Amino acid sequence: MQRGLTICLDGHKMRFSLVLICYNESRFLINWVEKMMAQNPDELVIIDNASTDNSQELIHYLCLKYPKIRPVFHTENSGAFKGYILGAREATGDFVACMSPDDEPKPGYIAKMKQVMTDYPIVDIYTSNCIVEREGLFYERVLFPFTAYISPDYAVKICKSGFSGKINLAGLVIKKELLLRLWEEGGKDLVINFDGLYSYFGFFDKGFVHVGEKLMLYRSYPNSWGVAEQKSKLWEARETQLKIFKNYPKVYQRVIESKLTDPKGHILSYFALWGIMKIPKWARLVFYKWFYSSSWKINKL
């Protein structure tokens, strides 16, 4: 495949669609759409999950202003992950990036992602570094400060060394066919962590392309799992993911070797996503500063 041509094996030009999941997100919606449309996306599919604020009214307004927007209005809240799938099915692109309005792509996000899709057409997953907001403070989530193809075996090394948390999943671009296939193969049974399923499947199958620039602002709400009483679903999600991975022997072998499914990882996930809110704020801030530091992690890898 010649460098500089964004084509698939069957010869047609690749497109990548944005899928925005909206539920009572009116405070972020206008700002998000205005900024993204300024980047000239191929397509934007907005899934409204039965919002009760004025989000639907704003979406109608935005559709009149931007013909590239394709709205879908639900009469009931289908949840974020099912919303991703419904949006992907509506999308015409070969690749999709599924987001919420509080996940904010930075200027140049679309252009850079299209560039790496052209330069590295061998993978199904593209991601980047990002800025993380936690409790009103901002941190850098940096895996490497340069753009590179990460092979499946090196992805195993990253995870096995304990650095999987440095991989940013916000704004991740994924091949639509892979997303829909994993949903039908069991992803639809997951209450949580479907994003972890399709991300790590891609990492351990063909590898992924990591963009060294910070292209996303990710707003993290660690206590949301506790409020939703979903913390007990972590172990159930782990078992469902393993069942799906077992259908792909090479991927499954790498998952096991990465130690992502070890009980220790389960406990750390519980702490990071919910339990951390049980410790004093000063201790949380110390943890965030340590967790998002990057220089010593890069040197070790």
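Right above here is the structure, for reference.
Throughout, a residue's number is its position along its own chain's written sequence, starting from 1. Under the rules for a predicted model, residues below a pLDDT of 70 receive no local features and side-chain atom pairs below 80 are neither given nor counted, while totals for whole chains, interfaces and linings still include all residues. Side-chain calculation: all heavy atoms of the structure are included, whereas hydrogens and water are not.

Right, let's get into the packing of aromatic side chains. Centres within 6.5 Å are what make two rings of Phe, Tyr or Trp a pair, Trp counting through its six-membered ring; a difference in plane orientation under 30 degrees is then read as stacked, over 60 as edge-to-face, and the rest as tilted. Within this structure, the stated rule accounts for 17 aromatic pairs. Taking 5.2 Å as the distance between ring centres and 25 degrees as the angle between the ring planes, the aromatic pair formed by Y139 and Y292 counts as stacked. With Y139 in strand β7 (residues 137–141) and Y292 in the loop between α12 (281–291) and α13 (295–300), this residue pair connects regions lying 153 residues apart in the sequence. Each member of the pair, Y139 together with Y292, is buried. Seen from their ring centres, Y200 and F203 are 5.0 Å apart, and the 80 degrees between their planes marks the pair as edge-to-face. Linking Y200 with F203, this pair stays in helix α7 (residues 194–205), spanning three residues, or about one helical turn. The pair formed by Y200 and F203 is uniform in burial state, with each residue classed as buried. An aromatic cluster is defined as three or more aromatic residues linked by ring pairs; in this entry it consists of F81, Y84, W183, F194 and Y198. Secondary structure elements follow DSSP: runs of H or I no shorter than four residues count as helices, runs of E no shorter than two count as strands, and numbering proceeds from the N terminus. Burial classification: accessible surface area is computed with a 1.4 Å probe over protein chains only, and a residue below 20% of its type maximum counts as buried, one above 50% as exposed, and the rest as partly exposed.

For the rest of this paragraph, the subject is the pairing of strand β1 (residues 16–22). Burial of β1 is extensive: seven of the seven residues sit out of reach of the surface. Residue alternation in β1 divides its side chains into two sets, F16, L18, L20 and C22 and S17, V19 and I21, and both sets are buried. Two strands are said to pair when DSSP picks up at least two bridges between them. One ladder, built from five bridges, connects β1 with strand β2 (residues 44–48); its direction is parallel. Across the sheet, residue L20 finds its bridge partner in β2, namely I46. Convention used here: a crossover is right-handed provided that the path from the first strand, over the helix, to the second strand proceeds clockwise when the strands point away from the viewer. Viewed along the sheet, the connection from β1 through helix α1 (residues 26–37) into β2 turns out right-handed.

Buried residues of helix α10 (residues 249–258): V251, R254, V255 and S258, and no others. Down the axis, α10 shows its buried residues gathered within 105 degrees of arc, on one side only. Away from its buried face by more than 90 degrees, α10 exposes P249 and Q253. Positive backbone phi, approximately 70 degrees, marks K259, located one or two places after α10. In this context, the arc is that of the directions from the helix axis out to the C-beta atoms.

Moving on, we get to the pattern of salt bridges. Just to be clear on terms, a salt bridge is a Lys or Arg side-chain nitrogen sitting within 4 Å of an Asp or Glu carboxyl oxygen. Applying the stated rule across the entire model yields 16 salt bridges. Note that R219 and E133 form a salt bridge whose closest N and O atoms lie 3.2 Å from each other. Of this pair, R219 sits in strand β10 (residues 208–220) while E133 sits in strand β6 (residues 125–134); the two residues are 86 residues apart in sequence, bridging distant segments of the chain. A salt bridge links K214 to E140, with the nearest nitrogen and oxygen atoms 3.7 Å apart. Placement of K214 in strand β10 and of E140 in strand β7 is noted, with a sequence separation of 74 residues between them. Overall, the relative accessible area of 35% leaves K214 in the partly exposed class. E140 sits in the partly exposed class, given a relative accessible area of 39%.

Within this scheme, the nonpolar core is defined by two criteria: the residues are buried Ala, Val, Leu, Ile, Met, Phe, Trp, Tyr or Cys, and they are joined through side-chain atoms within 4.5 Å. Of all hydrophobic cores here, the largest spans 45 residues; its most connected members are L179, F194, F203 and F204. The biggest single contributor to this core is α7, with seven residues. We call two residues contacting when some pair of their heavy atoms lies within 4.5 Å. Ignoring sequence-local partners within four residues, the contact set of F204 consists of P152, A155, V156, C159, V251, R254, V255, S258 and L260. Counting residues in each nonpolar core, the second largest holds 41 residues, with L18, F95, M113 and I276 among its members.

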